[in-house]
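# Analysis of the macromolecular model
Each chain is listed here by its residues.
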Amino acid sequence: MSHSKEWVLEPETEYRFELDPGNSLAIKLVRGHAEIFGAELAEGKTYLFAYECKAAVFTYQGCTIEMSTASTEYVSEETPMYPYANVHLALEKMRVRAQRAQHGSPAPGPDEDAEPPRVLVLGPENAGKTTVCKILVNYAVRAGQDWAPVYVNVDPGEGGWTVPGSISATSVSAPLTTASPANPLGSAATSAPSTLTSNALLPLVYWYGHAETKRNPLLMDRLIRNLGENVNERHDVDLEGRVAGLIVDTPSSFASSSSTSNADHRHMLIKACVDAFRINVILVLGHEKLNVEMQRTYGNRMTVVKIPKSGGVVELDAHYRHRIHTQQLHTYMYGQPIHPPPGLPASANATAGGESALEAHLSPSSSVISFSDLTIYRIGEQSMAPSSALPIGATRTVSEMQPVQVDPAAPGSGLLNAVLALLAPPQHPDEAERYDEEVLDLQVAGFLAVTNIDVARKRMTVLSPSPGSFAGRTAIMGSFEWTEQ
Ligand SMILES: Nc1ncnc2c1ncn2[C@@H]1O[C@H](COP(=O)(O)OP(=O)(O)OP(=O)(O)O)[C@@H](O)[C@H]1O
């Protein structure tokens, strides 16, 4: 690499970097062993990072890395990687015990708890929750036992494998890579070009439609329970997969609240997770008050552990989060090629998290459909005035959970540039089993963006990852807007 430098990292240190918008970075492990959030780097291979990525290369034994220049970079000797590795070892013991019990050899003692680890990770904003979840999942995948733990993302502010506004779960059998914040958990089958088969994650997705849980906590509660039910159903039939357990990444709104009503909501949503995913371990990231609160509420029935926050976690502001949301939506449609830093020879064969960085191009299809093809709903009223703001004696006519059909021809429908979740067809073809709020319980099959509305001809243009008919399908809109970049 020209303009590159070599750094020797002492054992138990990490090289941290942050990239500005136009900056990309190439890192090669020259000697030794190193990992990025638990995913091992292969010696001699060049990895690319871009789009304001912030991450760290950690080494237990020491290593030499060669890299181009990042916008911000430094080496830290203080990391919480040992406590995290200890948590992993404890979870690993639970997996092994669960597997033994599963195989009946030797039978666990009467008091021995042989449940697989089902972990809820809680913490305030910028505590590094997603990073810890990634590290723990990656360590499990690397354990050499063929574990494929389920990664559950109930943070609608973070796109995970799909787009922001959704919550999802998938079982992970290969390390989750880091290259761009648009794919915080690496790429999945839904966002990666179909020619790339190395990462065949197929997430189970529900659409909440907003970035913030306080916008419609009741809907969040219901979707969390739906997701949990689905994961449990899979584990009930996949007993081998079940022993690897699951890890739930949560939004920061679960950890702190600005008002009493928000506090009620966050307790309700934590409880929804605990029930839905049959949680038996809670990890609290560097937050004393929350730790005490969780100990009091759940300490008698499960393990509640406080773990340290890493000093490397970057404070992400609202503008950054907004940019990443736009980027994630754009990446869902178009893919996200990463251009190597200038001077990197083609022979370096650089990859973004293992995939060829420049191939990551997708071509969505733009189609003109009739208004009558697609039935579109929004859940509850678009903007719910607080009850106190309603005229005296007035009651709400639309509840928070009621699907309200959107008329594309109506002025102010808000549909132009809206992001829509296309729902999977209902599981009960039998009309008698259909019910009003059924759309709340349907999984997401994909996402669309409405790019034009022609009221006169009763047609609209939608952008979607693949061509196909939408006739007879149902979609839900939320509050995310599509902007062409
Ligand atoms: N040790 C580290 N060195 C450098 N960057 C890091 C480190 N740990 C985490 N980061 C970065 O800090 C940012 C915030 O971390 P992360 O997303 O894990 O926090 P979070 O608690 O999940 O955030 P949120 O507030 O969105 O819930 C991410 O960009 C992540 O890649």
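An unreviewed UniProt entry lists the chain under the name Clp1-domain-containing protein, with Artomyces pyxidatus as the source organism.

Looking now at the overall build of the chain. Broken down by element type, the chain carries 7 helices and 25 strands. Taking the contacts inside the chain whose residues are at least 6 apart along the sequence as the reference set, 75% of them involve residues at least 24 apart. A total accessible area of about 21400 Å² is found for the chain, and carbon and sulfur atoms account for 50% of it.

Moving on, we come to the packing of aromatic side chains. Summed over the entire model, instances satisfying the criterion amount to 10 aromatic pairs. Ring geometry for Trp7 versus Tyr15: centroids 5.3 Å apart, planes at 90°, classification edge-to-face. Of the residues examined, Trp7 reaches a relative accessible area of 25% and is grouped as partly exposed. Among the residues examined, Tyr15 registers a relative accessible area of 0% and is labelled buried.

Read across the sheet, 7 strands follow the order β19-β24-β23-β22-β25-β20-β21 without closing on themselves; strand pairing throughout is mixed. Of all the strands in the sheet, just β19 (365–370) and β21 (403–405) have a single pairing partner and so form its edges. Recorded for the sheet is a direction-independent mean angle of 40° between the axes of neighbouring strands. In this fold helix α7 (residues 318–334) packs onto β22 (418–423), β23 (444–454), β24 (459–464) and β25 (473–481), with an angle of close to 100° to the strand it touches most, β23.

Let's shift gears to the sheet that holds strand β4 (residues 35–36). By definition, the strands of a sheet pair up through backbone hydrogen bonds, in either a parallel or an antiparallel sense. Taking strand neighbours across the sheet as the criterion, the 5 strands line up as β5-β4-β7-β2-β9 in an open arrangement whose pairing is antiparallel. Each edge of the open sheet carries a strand with a single partner, namely β5 (39–40) and β9 (72–76). The pairing of strand β2 (residues 13–18) with β9 spans 5 bridges and is antiparallel. Counterpart to Glu14 in the pairing with β9 is Ser76.

Moving on, we come to the side chain of Glu14. Within the secondary structure layout, Glu14 lies in strand β2. Here Glu14 falls in the buried class, since its relative accessible area comes to 6%. Within the local environment of Glu14, its side chain forms a polar contact with the side chain of Arg16, the two groups lying 2.7 Å apart. In this structure, Glu14 is in contact with Ala56, Val57, Phe58, Tyr74, Val75, Ser76, Thr79 and Ser310, ignoring residues within four places of it in sequence.

On to the packing of helix α1 (residues 81–103) against helix α2 (residues 129–142), then. Contact geometry for α1 and α2: axes closest at 10 Å, N-to-C directions at 50°. Judged by the inter-axis angle, α1 sits oblique to α2. Judged by the sense of rotation from one axis to the other, the crossing of α1 with α2 is right-handed. Judged by residue contacts, Met81, Tyr84, Ala85, Val87, His88, Leu91, Glu92 and Arg95 of α1 engage Val132, Ile135, Leu136, Tyr139 and Ala140 from α2. By residue class, the composition of the contact of α1 with α2 is 10 nonpolar, 1 polar and 2 charged.

The subject of this paragraph is the nonpolar core. By size, the foremost hydrophobic cluster in this structure holds 57 residues, and its most contacted members are Val154, Ile224, Phe277 and Ile282. The two domains that each donate at least three residues to this core are domain 2 (81–106 + 113–307) and domain 3 (365–481). In this view, Val154 contacts Ile167, Met220, Ile224, Leu227, Val248, Asp249, Thr250, Pro251, Phe254, Cys273 and Phe277; residues no more than four positions away in its chain are not counted. Listed in part, the 48 residues of the second largest apolar core include Ala34, Tyr47, Phe58 and Val172.

Once that is clear, we can look at the pattern of salt bridges. This structure, assessed with the given rule, holds 19 salt bridges. A salt bridge links Arg222 to Asp441; its shortest N-O distance comes to 3.0 Å. Linking Arg222 in helix α3 (residues 217–237) with Asp441 in the loop between β22 and β23, this pair joins segments that are 219 residues apart in sequence. Of the charged contacts, one joins Lys271 and Asp275 as a salt bridge, the two residues approaching to 2.8 Å between their closest N and O atoms. Linking Lys271 with Asp275, this pair stays in helix α5 (residues 260–276), spanning 4 residues, or about one helical turn. For Lys271, a relative accessible area of 40% translates into the label partly exposed. On the basis of relative accessible area, Asp275 is assigned to the partly exposed category, the value being 32%. One salt-bridge network, held together by shared partners, links Asp221, Arg225, Lys271 and Asp275.

The environment of the ligand is made up of 20 residues, and the closest members are Glu14, Lys54, Lys129, Thr131 and Arg321. Here a nitrogen atom of the ligand sits 2.8 Å away from a polar atom, N or O, in the side chain of Glu14. Here an oxygen atom of the ligand sits 2.8 Å away from a polar atom, N or O, in the main chain of Asn126. Burial of the ligand by the protein chains amounts to 91% of its free accessible area of 640 Å². Elements with a contribution of two residues or more to the shell around the ligand: β2, β7 (54–59) and α2.

So, how was this worked out
- Residues numbered from 1 in each chain as written.
- Predicted model: local features only at pLDDT ≥ 70, side-chain atom pairs only at ≥ 80, totals over all residues.
- Heavy atoms only, no water.
- Helix = DSSP H or I, 4+ residues; strand = E, 2+ residues; numbered from the N terminus.
- Contact = heavy atoms within 4.5 Å.
- Areas by Shrake-Rupley, 256 points an atom, 1.4 Å probe, with all protein chains shown as cover.
- Phe/Tyr/Trp six-rings, centres within 6.5 Å; stacked < 30°, edge-to-face > 60°.
- Buried < 20%, exposed > 50% of the residue type's maximum accessible area, 1.4 Å probe, protein only.
- Pairing = 2+ DSSP bridges.
- Axes fitted to C-alpha atoms, helices over the stretch in contact; angles between N-to-C directions.
- Polar contact = N/O pair within 3.5 Å; in protein donor to acceptor, adjacent residues only side chain to side chain.
- Parallel < 35°, antiparallel > 145°, perpendicular 65-115°, else oblique.
- Left-handed = near helix turned anticlockwise from the far one by under 90°.
- Nonpolar A, V, L, I, M, F, W, Y, C, P; charged D, E, K, R; others polar.
- Core = buried A, V, L, I, M, F, W, Y, C linked by side-chain atoms within 4.5 Å.
- Domains from an automatic or database assignment.
- Salt bridge = Lys/Arg side-chain N within 4 Å of Asp/Glu carboxyl O.
- Near = heavy atom within 4 Å.

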